[in-house]
Amino acid sequence: MSQLKFDQRGQIPVVVQDWHSREVLMQAWANQEAIDRSLETGRACYYSRSRDQLWEKGETSGNFQTIREVRYDCDADCLLYMVEQQGNACHTGERSCFHNILPGSPVIEEEPIRQNILGELYQLLLERKRQLPEGSYSTKLFKGGIDRILKKIGEEAGEVIVAGKNPDPGEVVYEVADLCFHTLLLLAQLDIQPGQVAEELKRRKG
């Protein structure tokens, strides 16, 4: 902690990133007390410059941020909070505060492939598991328990095999997507993070 470089007001900027999807969610400020409280409670706490007081993310909205890791940059003058975000991070209702595109910035014809979509989907499934909203397909599976989820994975795996025997790549993509979805749902049911699977794959590569 002694390595951190606070500004003249005793504050340091904090960039907040989703632990699962790696999406940048917001930027805020923290002082020593806010950092200490964040580390003690495991929930992100910041310092409000406008109100001149500490504030815990989610204390009024319920959109808490559970801290998974805290990093600091090479100059030790900026922090990175890696968090599990409940609900949306932005007060406007958007997932991320960075949802506005600056006029004049490069425009692309199509949205690039979102490499973090699996992390975003996993986070959504965790929310479904906590809230169990009526009418949700994932709610039915979560309520059905592990046996129903495993049965569904078996069905989807069989459909991938059938699709693989056919010459239509689109069908294969569709069925593999179904299998990925239900596999992520299984991970959420067992509280296993996708990152653990990634680490195992990394270990095998090595």
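Summary of the structure given here. From a predicted model like this one, the values you see are computed outputs, not experimental measurements. (Residues numbered from 1 in each chain as written. Predicted model: local features only at pLDDT ≥ 70, side-chain atom pairs only at ≥ 80, totals over all residues. Heavy atoms only, no water.)

Contact geometry for helix α2 (residues 117-131) and helix α4 (residues 169-189): axes closest at 9 Å, N-to-C directions at 50 degrees. It follows that α2 is oblique to α4 by the angle criterion. For the crossing formed where α2 meets α4, the hand is right-handed. Residue-level contacts link L118, L121, Y122, L125, L126 and K129 of α2 to F181, L184, L185, L187, A188 and Q189 of α4. Grouping the amino acids of the contact of α2 with α4 by side-chain chemistry returns 10 nonpolar, 1 polar and 1 charged. (Axes fitted to C-alpha atoms, helices over the stretch in contact; angles between N-to-C directions. Helix = DSSP H or I, 4+ residues; strand = E, 2+ residues; numbered from the N terminus. Parallel < 35°, antiparallel > 145°, perpendicular 65-115°, else oblique. Left-handed = near helix turned anticlockwise from the far one by under 90°. Contact = heavy atoms within 4.5 Å. Nonpolar A, V, L, I, M, F, W, Y, C, P; charged D, E, K, R; others polar.)

Here we come to the sheet that holds strand β6 (residues 79-85). Pairing is mixed in the open sheet, where 4 strands are placed in the order β2-β1-β6-β5. Strand pairing shows two members of the sheet lacking a second neighbour, β2 (24-31) and β5 (65-72), which therefore form its edges. Averaged over all pairs of adjacent strands, the angle between strand axes in this sheet comes to 30 degrees, irrespective of strand direction. Relative to β6, β5 runs antiparallel, the two being bridged by 7 bridges. By the bridge assignment, V70 is partnered in β6 with Y81. Contacts between helix α1 (residues 32-41) and the sheet are confined to β1 (11-18), β2, β5 and β6, with β2 contributing the most and set at about 120 degrees to the helix. (Pairing = 2+ DSSP bridges.)

What follows is about the environment of P133. Its location among the elements puts P133 in the loop between α2 and α3 (137-164). For P133, a relative accessible area of 25% gives the class partly exposed. A sequence separation of 59 residues divides P133 from C74, and the C-alpha atoms of the two residues are 43 Å apart. Filtering out sequence-adjacent residues up to four positions away, P133 remains in contact with R128 and T139. (Buried < 20%, exposed > 50% of the residue type's maximum accessible area, 1.4 Å probe, protein only.)

A few words on unusual backbone geometry. What is expected of a backbone is that most residues other than glycine have negative phi and most peptide bonds are trans. Backbone geometry places D52, a non-glycine residue, at a positive phi of 55 degrees. You can see D52 is positioned in the loop between β3 (45-48) and β4 (53-56). You will see that D191, though not glycine, has its phi angle at about 55 degrees, which is positive. Along the chain, D191 turns up in the loop between α4 and α5 (194-205).

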